[in-house]
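Fold and contact review
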Amino acid sequence: MNHWYSVLFSSLRIENWDQEYTVFQPASGKTHFLNAMGLQILVLLDQAPLTLDTICMKLAESFSMQANTHFRQQIAVTLQRYEALGLIARTWKTPL
Amino acid sequence: MRIGELSFGQFRARLAGEGLRVGIGPFNIRIQTQLKSLAKNLHALYAWYPLADGELAEFHAQVVPKHSLRRPLTPLIRFLVDNQAPFPPAPAAHALPTLEWGINLAIALRINHLLLFHSAAVERNGHVLLLPAWPGSGKTTLCAALMHRGYRLFSDEFGLMAPQSAQFMPIPRLMPLKNQAIDAIRKFLPEAVLGPEIHGTQKGTVAHVRPPEESIARMHEPARARWIVFPKWVPNAALQLESLPRSEAFLLLASNAFNYEMLGESAFDAVAHLVRNCECRRLVYSDFDSALAALDRLTDD
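Because the structure is a prediction, the values reported are computed rather than measured.

Across the boundary between the two partners, chain A contributes eleven residues, which contact 13 residues of chain B. At the boundary of chain A with chain B, the tally comes to four salt bridges. With a closest N to O distance of 2.6 Å, Arg276 of chain B and Glu15 of chain A form a salt bridge. Scanning the region where chain A abuts chain B turns up seven residue pairs in polar contact (both at pLDDT 80 or more). The leading source of residues in the side of chain A that touches chain B is strand S3 (residues 20-25) of chain A, at four residues.

Put into structure tokens, the structure is as follows:
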């Protein structure tokens, strides 16, 4: 199963605007606008590579939500979007 | 020496010869043309600007005749900046707005040491009120009203911010009113000095407001911003001046700046600094009196 991990998280410039965040990504020169959950995904993936299921479980816990199918689909779409932006990447092997 | 101190003959000779060097805010612009009608308009509307004789010019603008086989009976002109023609030929009667839009375009495309917001900017009580908006929002009209009510004009088009110092640079240029805004300003501000009405331009009828003498005399005095108001003129709307979340203000400003992506991290820092240090509002208005009263209250010391 895919493991997702953040790319150059430490290089990101993050500004907090009352639980909404603007994130400058030096590698692309782009600014991204994230809500609290969107940023939490990056934080989690900076701490350790995780599978989609684990990410969903941790987010559901943090935000007191149910990790149902719809939620899982939304997170999967977000991960793919982040991957396209170069914020995260995936590995097919379980990292050591 | 100011342009108004030149006789029309002297002024026209400079335009037709080596070019007239004029200081406008932080830039010097060299203008060349042999077009008498354009010279007459510029002599009247540029009267307060200083000559920049002997100084380097950032922009070299020309308005030259253009002969067209397809339109042999219509006198046409072409605008050139540094010998490049960014626009198709225009009728000679449109020379003034073509020159003004051309200079704006050159500034928007070439200036990258400053962060360029697409915004009106005025100063009151020592601080800048930034009015960022897209075309059609009425920012030029509102700006014209403000500058005739005691606000110092920085610009109706550009918020020029030095990213490191957070200072805004004045660049008080002619302000092109369009269509019904012309009559609205004539009625609201009979004292405003307007150039001729020029019909049939790509933006309809245009008339330029001359900036006040004081705004031009103080165009080298920068100031920091304290208020950011996103204005929108809506017919018959009740006045609203409501607080805007800083996150939204950040996004609107970043997407509004001409060169935000070009400047990268320094633009991100500059916008973050600006939003943190300003009161951010959204303004919906339909009449000048109530809008000006609300902005006066906001900017009172």
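So, about the sheet that holds strand S2 (residues 13-16) of chain A. Residue and element names in this part refer to chain A. Read from one edge of the open sheet, three strands run S2-S3-S4, paired in antiparallel fashion. In this open sheet, the two edge strands, each paired with only one partner strand, are S2 and strand S4 (30-35). Taken pair by pair, the neighbouring strands of this sheet meet at an average axis angle of 20°, ignoring direction. Sheet topology note: the S3/S4 ladder contains six bridges and is antiparallel. Its bridge partner lying in S4, Phe24 is registered against Thr31.

Attention shifts here to the packing of aromatic side chains. Under the definition given, this model contains ten aromatic pairs over all chains. Here the aromatic rings of Tyr285 of chain B and Phe288 of chain B are separated by 6.5 Å at their centres, their planes lie at 35°, and the arrangement is tilted. Taking relative accessible area as the criterion, Tyr285 of chain B reaches 1% and is therefore assigned buried. One Lys or Arg, Arg276 of chain B, reaches over the ring of Trp17 of chain A and ends 4.2 Å from the middle of that ring.

All names here are of chain B. Across the interface, helix H4 (residues 139-147) lies against helix H5 (residues 180-188) with an axial gap of 11 Å and an inter-helix angle of 15°. By the criterion of interaxial angle, the relationship of H4 to H5 is roughly parallel. Of the two elements, H4 crosses H5, and the hand of that crossing is right-handed. Where H4 approaches H5, its residues Thr141, Ala144 and Ala145 are matched on the opposing element by Ala181, Ile185 and Phe188.

Turning our eyes to something else, we now look at the environment of Leu12 of chain A. All names here are of chain A. Relative to the helices and strands, Leu12 resides in the loop between strand S1 (3-6) and S2. Since its relative accessible area comes to 10%, Leu12 is described here as buried. Through-space distance from the C-alpha of Leu12 to that of Ala76 is 22 Å; in sequence the pair is 64 residues apart. Leave out the neighbours within four places in its chain, and Leu12 touches Val23, Phe24, Gln25, Pro26, Leu42 and Leu87.

Time to look at the sheet that holds strand S4 (residues 76-81) of chain B. Residue and element names in this part refer to chain B. With mixed pairing, five strands are arranged side by side in an open sheet as S1-S2-S3-S4-S5. The open sheet has two free edges, formed respectively by strand S1 (20-24) and strand S5 (90-91), since each of these has just one partner strand. Two elements, strand S3 (residues 59-66) and S4, share six bridges in a ladder whose sense is antiparallel. Bridge pairing links Lys66 to Leu76 in S4. Strands in contact with helix H3 (residues 95-110) are strand S2 (27-33), S3, S4 and S5; relative to S4, the strand with the most contacts, it is inclined by about 20°.

All names here are of chain B. The domain architecture assigned to chain B consists of domain 1 (3-110) and domain 2 (115-299). Between domain 1 and domain 2, the C-alpha centre-to-centre distance is 25 Å. Each side of the interface is counted separately: domain 1 has 23 residues, and domain 2 has 30 residues. Here domain 1 packs against domain 2, burying approximately 2300 Å² in sum over the two surfaces, 69% of which is carbon and sulfur. The largest contributions to the domain 1 side of the interface with domain 2 come from Leu45, Trp48 and Trp101, which together make up 32% of the buried area. Our count for the domain 1 to domain 2 interface comes out at one salt bridge. Summed over the shared surface of domain 1 and domain 2, the number is five residue pairs in polar contact (both at pLDDT 80 or more). The element contributing the most residues to the side of domain 1 that touches domain 2 is H3, with eight residues.

What follows is about the pattern of salt bridges. Inspection of the entire model under this criterion finds 20 salt bridges over all chains. Notably, a salt bridge pairs Arg72 of chain A with Asp53 of chain A, separated by 2.8 Å at the nearest N-O pair. Residue Arg72 of chain A is found in helix H3 (residues 69-85), and its partner Asp53 of chain A is found in helix H2 (residues 52-62); the two are separated by 19 residues along the sequence. The class of Asp53 of chain A is partly exposed, set by a relative accessible area of 38%. Among the salt bridges present, the one from Glu197 of chain B reaches Arg186 of chain B, with a minimum N-O distance of 3.2 Å. Placement of the pair is Glu197 of chain B in the loop between H5 and strand S12 (198-201) and Arg186 of chain B in helix H5, with a sequence separation of eleven residues. By relative accessible area, which is 34% here, Glu197 of chain B ends up partly exposed. Within the structure, one salt-bridge network assembled from shared partners comprises Arg13 of chain A together with Glu265 and Asp269 of chain B.

Before going further, it helps to examine the side chain of Thr201 of chain B. In this fold, Thr201 of chain B is placed in strand S12. Beyond its immediate chain neighbours, meaning those up to four positions away, Thr201 of chain B contacts His94, Pro97, Trp101 and Val206 of chain B.

Residue and element names in this part refer to chain B. The biggest cluster of nonpolar side chains holds 46 residues, and the ones touching the most others in it are Val22, Leu42, Tyr46, Leu99 and Ile107. Sorting the residues of this core by element identifies helix H1 (8-16), S1, S2, helix H2 (36-45), S3, S4, H3 and strand S9 (158-161) as the ones contributing at least two each. No other element matches the eight residues that H3 contributes to this core. Two domains each donate at least three residues to this core, and these are domain 1 (3-110) and domain 2 (115-299). Apart from residues no more than four positions distant in its own chain, Leu42 is found in contact with Phe11, Leu15, Ile31, Ala47, Leu96 and Leu99.

What counts as what
- Residues numbered from 1 in each chain as written.
- Chains lettered and ligands numbered in written order.
- Predicted model: local features only at pLDDT ≥ 70, side-chain atom pairs only at ≥ 80, totals over all residues.
- Heavy atoms only, no water.
- Contact = heavy atoms within 4.5 Å.
- Salt bridge = Lys/Arg side-chain N within 4 Å of Asp/Glu carboxyl O.
- Polar contact = N/O pair within 3.5 Å; in protein donor to acceptor, adjacent residues only side chain to side chain.
- Helix = DSSP H or I, 4+ residues; strand = E, 2+ residues; numbered from the N terminus.
- Pairing = 2+ DSSP bridges.
- Axes fitted to C-alpha atoms, helices over the stretch in contact; angles between N-to-C directions.
- Phe/Tyr/Trp six-rings, centres within 6.5 Å; stacked < 30°, edge-to-face > 60°.
- Buried < 20%, exposed > 50% of the residue type's maximum accessible area, 1.4 Å probe, protein only.
- Lys NZ or Arg CZ within 6 Å of the ring centre and 35° of its normal.
- Parallel < 35°, antiparallel > 145°, perpendicular 65-115°, else oblique.
- Left-handed = near helix turned anticlockwise from the far one by under 90°.
- Domains from an automatic or database assignment.
- Buried area = accessible area lost by both parts, 1.4 Å probe.
- Core = buried A, V, L, I, M, F, W, Y, C linked by side-chain atoms within 4.5 Å.

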